Amino acid sequence: MKSTTSKSNRRSKLYTLIAALAVIAIVVAAGVVYGVYRWSSTSSGSNASTAVTSTHTPTPSQESAPVSPSASKDVILIAFQTNWRSVAAECTKTYGPEGVGYVEVSPPQESIQGSQWWTSYQPASYRLDSKLGSESDFTNMVSTCKAAGVGIIADAVINHMAGAYSGGGERQGVSGSPYTADGSFPAVPYSKENFHTCTSNIMNYGNASDVQNCRLDALQDLDTSQPYVQDKISDYLKHLLDLGVYGFRVDAVKHIANADVAAIKTRLAQKTGRPAQDIFFEQEVIGSPSEAKEIQPSVYLGNGKVSEFRYSSSLAKMFADDIADEDTGLKSIGGKYWLPTSKAAVWVTNWDTERDRALTYKSGPSYLLANAFMLAYDYGQPHVYSGYYFATKDDGAPGATATSVPDASCPTDGSMQPGTWQCAQRWTAIRGMIGFRKAVSGQKVRDWKRYGQNVLGFSRGSAGYLALNNSSKPSQQTFRSSLPAGEYCNVYASGDCSQTIKVSRDGSFQATLPAHSAIALHTSASKSTWKGTQSSDPSDPRLG
Ligand code: ARE
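Here we summarise the structure given alongside this text. All values reported here derive from a predicted model rather than from experimental measurement. (Residues numbered from 1 in each chain as written. Predicted model: local features only at pLDDT ≥ 70, side-chain atom pairs only at ≥ 80, totals over all residues. Heavy atoms only, no water.)

1. Some thoughts on the pairing of strand 20 (residues 517-522)
Note the following rule: Burial here depends on accessible area, computed with a 1.4 Å probe over protein chains only, as a share of the maximum for the residue type. Under 20% is buried, over 50% is exposed, and the range in between is partly exposed. Runs of H or I in DSSP of at least four residues are treated as helices and runs of E of at least two as strands, each being numbered from the N terminus.
For strand 20, a buried count of 6 out of 6 residues is recorded, marking the element as mostly surrounded by other parts of the structure. Residue alternation in strand 20 divides its side chains into two sets, Ser-517, Ile-519 and Leu-521 and Ala-518, Ala-520 and His-522, and both sets are buried.

In structure tokens:
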């Protein structure tokens, strides 16, 4: 009797255990299925709602989730003038699911007042209370993005403070901090003695002392050689690191002596207890061989990455001429005199060049083709730029006032109307190419071939193939790739695999590449496995 009871007890305990395990298994499986569903529905560009507003509140465990800087997720998205709430929402909705590694945001410190975008580059204090949001909005953005696997790169304006102005008197920054045109910034605090004595504008880029000790565009130039100034700057950067930012784009580095940049980084490393080489620093140095040797991009390589501006200017020239030319075309990117690929920060355009030179949305379909090339090729760390359509150079973000920028919303008609956001991170071709980059990570460029004027193709190992037609005529070709046989989605052209290419056993495929278009194929996007359901995105621009 006793043994029967204990047997049945044991049996019932066993049943309970099995039932409990079954429940756990069902819950886990449901979680996985939900996760896969969410990934596929978002990564295919499914019904992206057009409003970008924050609803996500991260749990503490999500907040501490690490962002792994892996080579397959090296894409930086520049969310120009986008407010913190909108970046947070987009991290969850688009950047994270699409595989963007980092978002570079506009300067987060308090700036002067004004609706123009460039007011962000005139600090009034280092308080994190700016046109783009409060410190708590910023903190929420950092943790929300981190939970979505996306690191935040802050634009650090450390060379100068607000611009000088005439008429004297005190002014207030966007959150009320007072400042003057003669060096008084009590909220930091900085006083006149903390600035260089040269008050004229830079006249001669052939003279390093002029470039580094005088004023860039009337901006009051900090004397970054002073230990006190280095201390204040490193405190500001430490604060951002403490809040969880991944690293920095450092503004106007050419105007700061290399020794000062290195000293600021060393202080920051000491204060945060991190090795200096583990702190991401991407330095803005616009290179020009005709300028002084002390201000060349290569001088700053010891501090981290450096902008390779040759990239965007070369792409502009090549896409206006013949991208397939063996000597002057895309093949020459990353040549002998370029920064080493591991140190180069590259983009088709940024906010300065967009208003001045370079390929931009105003250049038509070449803009998209150039971005596709950047994301498919293996030179430098790519930055996809996402700003807003504008009429004049000074136009601030859509709806910007002197002290705030409203939440972003993505356009739905492709008309590129000034005063609407671009939302480039949502464009079908950009989403497709970010997925391409992830799939071909670590694979070498091969099968490079010129197929005619402005028509070329190349493989990334046996994982992907990109063919570009930058001419105004369709191009019918037999392309030679190293892809395994199969039917692949053209991820440049659609998000739902409605345009496919059949690759034969020898890797070749026949296709007619439309004018100004591309074919992008990779092994993670085959007809039989593709989950995307949305052919195009409402914010796709009509580039002509
Ligand atoms: C604004 C007004 C000015 C006014 C000033 C002060 O436009 O008229 O005098 O405010 O009141 C941005 C805007 C500027 C703006 C500034 C501050 O572009 O127009 O000035 O914000 O609000 C050089 C630097 C490089 C710099 C470019 C613009 O080397 O670092 O000039 N780029 C960064 C940012 C900019 C930002 C700043 C620096 C300032 O990306 O967005 O300015 O924080 C050659 C040289 C380059 C030189 C280039 C252009 O190529 O080799 O070194 O770049 O010409 O001059």
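2. Some words on the state of the cysteines
To keep things clear, this is the line we draw: Sulfur atoms of two cysteines make up a disulfide when they are within 2.5 Å.
Counting across every chain of the model gives 4 disulfides. Each sulfur in the disulfide pair Cys-91 and Cys-145 lies 2.1 Å from the other. What sets the handedness of the Cys-91 and Cys-145 disulfide is the S-S torsion sign, and at about 95° it is right-handed. On the criterion of sequence distance, the pair formed by Cys-91 in helix 3 (residues 84-98) and Cys-145 in helix 4 (residues 135-147) is long-range, its members being 54 residues apart. The same class applies to Cys-91 and to Cys-145, which are both buried. Paired by a disulfide, Cys-198 and Cys-214 hold their sulfur atoms 2.2 Å apart. In this structure, the disulfide formed by Cys-198 and Cys-214 twists by about 105° around the S-S bond and is classed as right-handed. Linking Cys-198 in the loop between strand 6 (178-179) and helix 5 (208-213) with Cys-214 in the loop between helix 5 and strand 7 (219-221), this pair joins segments that are 16 residues apart in sequence. The connectivity of the disulfides in the protein chain is 1-2, 3-4, 5-6, 7-8, where the numbers refer to bonded cysteines in sequence order.

3. Quick look at the environment of Gln-534
Note the cut-off: Any N or O atom pair separated by 3.5 Å or less is treated as a polar contact, with the protein-specific requirement of one donor-capable and one acceptor-capable atom, and with residues adjacent in sequence counted only for side-chain atom pairs.
Within the fold, Gln-534 resides in the segment after strand 20. Remark: the alpha-carbon pair of Gln-534 and Cys-497, spanning 37 residues in sequence, is separated by 8.8 Å. Among the polar contacts listed, one links the side chain of Gln-534 to the backbone oxygen of Ser-536, at a separation of 2.7 Å.

4. Remarks on the environment of Gly-329
The condition that has to hold: Two residues form a contact once any of their heavy atoms are found within 4.5 Å.
Considering the arrangement of structural elements, one finds Gly-329 in the loop between helix 8 (309-320) and strand 11 (344-347). Residue classification places Gly-329 among the buried positions, given a relative accessible area of 0%. Leave out the neighbours within four places in its chain, and Gly-329 touches Met-318, Asp-322 and Ile-323.

5. Side note on the sheet that holds strand 9 (residues 280-283)
Stated formally: DSSP-based pairing: two strands are paired if at least 2 bridges between them are found. Interaxial angles span 0 to 180 degrees and are taken between N-to-C directions of axes, which are lines fitted to C-alpha atoms, for helices over the stretch in contact.
Strand order in the closed barrel made by the 8 strands is 1-2-3-8-9-10-11-12, with parallel pairing throughout. Geometrically, the sheet is characterised by an average inter-axis angle of 30° between neighbouring strands, direction not taken into account. With 4 bridges connecting them, strand 1 (residues 76-79) and strand 12 (residues 381-386) associate as parallel partners. Among the inter-strand pairings, Ile-76 is bridged to a residue of strand 12, identified as His-383.

6. Quick word on the environment of Phe-80
With respect to the element layout, Phe-80 can be found in the loop between strand 1 and helix 3. For the pair Phe-80 and Tyr-385, spaced 305 residues apart in sequence, the C-alpha separation works out to 7.5 Å.

7. Digging into the site of the ligand
For clarity, the cut-off: Any residue with a heavy atom lying within 4 Å of a molecule or strand is counted as near it. Surface accessibility in these figures is a Shrake-Rupley result with a 1.4 Å probe; residues are shielded only by whichever protein chains are displayed. Think of it as three bins: nonpolar holds Ala, Val, Leu, Ile, Met, Phe, Trp, Tyr, Cys and Pro, charged holds Asp, Glu, Lys and Arg, and polar takes everything else, Gly as well.
Near the ligand you find 20 residues, and of these Trp-118, Lys-254, His-255, Glu-291 and Asp-352 are the closest. Here Asp-251 contributes a side-chain N or O atom positioned 2.7 Å from an oxygen atom of the ligand. Between an oxygen atom of the ligand and a side-chain N or O atom of Glu-291, the distance comes to 2.6 Å. Burial of the ligand by the protein amounts to 73% of the accessible area it has alone, namely 930 Å². Here the residues of the shell around the ligand are counted per class, giving 10 nonpolar, 3 polar and 7 charged.

8. Brief notes about helix 11 (residues 428-439)
Stated precisely, the cut-off is as follows: A helix's residues, less one, multiplied by 1.5 Å, set its expected span.
The end-to-end C-alpha distance of helix 11 is 17 Å, a good match for the 16 Å that 12 residues give at a rise of 1.5 Å each. Most of helix 11 sits out of view: 10 of its 12 residues are buried. Among all positions in helix 11, only Thr-428, Ala-429, Ile-430, Arg-431, Gly-432, Met-433, Ile-434, Gly-435, Phe-436 and Arg-437 are buried.

9. Overview of the pattern of salt bridges
Close approach of charged atoms allows side chains with opposite charge to pair. Quick reminder of the rule: We count a salt bridge whenever a side-chain nitrogen from Lys or Arg sits within 4 Å of a carboxyl oxygen from Asp or Glu.
Under the defined criterion, the tally for this structure stands at 21 salt bridges. Among the salt bridges present, the one from Asp-231 reaches Arg-267, with a minimum N-O distance of 3.7 Å. Taken together, the residues span a long stretch of sequence, with Asp-231 in helix 6 (residues 227-242) and Arg-267 in helix 7 (residues 258-272) at a distance of 36 residues. Residue classification places Asp-231 among the partly exposed residues on the basis of a relative accessible area of 27%. Within this structure, Asp-155, Arg-249, Asp-251 and Glu-284 form a network of salt bridges that share partners.

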